[in-house]
Amino acid sequence: PAFFPQSCNRVLVMILDTHSHLHGPEFEADLPEVLARAHGAGVRLITLVGVDVDDVRRALQVARHWNGTRAADPTAPVPELCVVAGVHPNHALAW
C-alpha cells in the first residue's frame, strides 16, 4: 500500500485482527459471510480469544473447521484463524 515507506518493500505486510470473539454464538449464523467480508477487506489472520476453558474449546473448534476449509481450498476467501487462551482476571480461578 502507498502509506508504507519504500524501505518496507521487502517486509511482509499483513492486516490482522488481534482480538476477536467470532467463535461466539452471536456469529454462528453469519460467520461465513463475516469471514468473507474480512478477507475481502484484506484481513489475512484473525485471532479468536477464549476467556475460559469452554470458550477456548469453542474457539479451537471454529478455527479447526475454517482452517480446514482453507487447507482443502486455498482459494477460499477465508482468513487464517488462530486461538489465544486468555486468562481474564474475572475468570482466573476457573483455570
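Residues numbered from 1 in each chain as written. Predicted model: local features only at pLDDT ≥ 70, side-chain atom pairs only at ≥ 80, totals over all residues. Heavy atoms only, no water.

1. A closer look at the environment of P79
Right, so step 1: Here P79 lies in the loop between α2 (53–72) and β3 (80–85).
Right, so step 2: C-alpha of P79 to C-alpha of I46: the two residues are 33 residues apart in sequence and 6.6 Å apart in space.
Right, so step 3: In this structure, P79 is in contact with L35, A38, H39, V43, R44, L45, I46, N67 and R70, ignoring residues within four places of it in sequence. (Helix = DSSP H or I, 4+ residues; strand = E, 2+ residues; numbered from the N terminus. Contact = heavy atoms within 4.5 Å.)

2. Things to note about the nonpolar core
Nonpolar side chains tend toward joint burial in soluble globular proteins.
Right, so step 1: In terms of nonpolar packing, the biggest core is built from 15 residues, with L22, L31, L35, I46, L48, W66 and L81 touching the most fellow members.
Right, so step 2: Listing elements by their share of this core, those giving two or more residues are α1 (31–40), β2 (43–50) and α2.
Right, so step 3: Once residues lying within four places of it in the same chain are set aside, the contact partners of I46 are D17, S20, L22, L35, A38, P79, E80, L81 and C82. (Core = buried A, V, L, I, M, F, W, Y, C linked by side-chain atoms within 4.5 Å. Buried < 20%, exposed > 50% of the residue type's maximum accessible area, 1.4 Å probe, protein only.)

3. Section: the side chain of S20
Right, so step 1: Here S20 lies in strand β1 (residues 15–20).
Right, so step 2: There is a polar contact of 2.8 Å between the side chain of S20 and the backbone oxygen of T47.
Right, so step 3: Leaving out residues up to four positions away in the same chain, S20 has contacts with I46, T47, L48 and V49. (Polar contact = N/O pair within 3.5 Å; in protein donor to acceptor, adjacent residues only side chain to side chain.)

4. Describing the sheet that holds β1
Hydrogen bonds between backbone atoms are what pair the strands of a sheet, whose relative direction is either parallel or antiparallel.
Right, so step 1: If you trace the 3 strands from one edge of the open sheet to the other, you get β1-β2-β3, paired in parallel fashion. Single-partner strands in this sheet number two, and they are β1 and β3. Neighbouring strand axes in the sheet, compared pairwise and without regard to direction, differ in orientation by 20° on average.
Right, so step 2: Here β2 runs beside β3; their pairing, made up of 6 bridges, is parallel. Bridge pairing in β3 places I46 opposite L81.
Right, so step 3: Contacts from α1 reach β2 and β3, with the element oriented near 135° to β2.
Right, so step 4: Packing of α2 onto the sheet brings it into contact with β2 and β3, and relative to β3 it is tilted by some 165°. (Pairing = 2+ DSSP bridges. Axes fitted to C-alpha atoms, helices over the stretch in contact; angles between N-to-C directions.)

5. Focus: the pattern of salt bridges
Right, so step 1: Across all of its chains, the model carries 2 salt bridges by this definition.
Right, so step 2: Note that E28 and R58 form a salt bridge whose closest N and O atoms lie 3.8 Å from each other. Here E28, found in the loop between β1 and α1, pairs with R58, found in helix α2; they are 30 residues apart in sequence, far enough to count as distant.
Right, so step 3: A relative accessible area of 27% places R58 in the partly exposed class.
Right, so step 4: R57 serves as the salt-bridge partner of D54, at 3.4 Å between the closest nitrogen and oxygen. Note that D54 and R57 are positioned in helix α2 at a spacing of 3 residues, about one turn of the helix. A single burial state applies to D54 and to R57, both of which are exposed. (Salt bridge = Lys/Arg side-chain N within 4 Å of Asp/Glu carboxyl O.)

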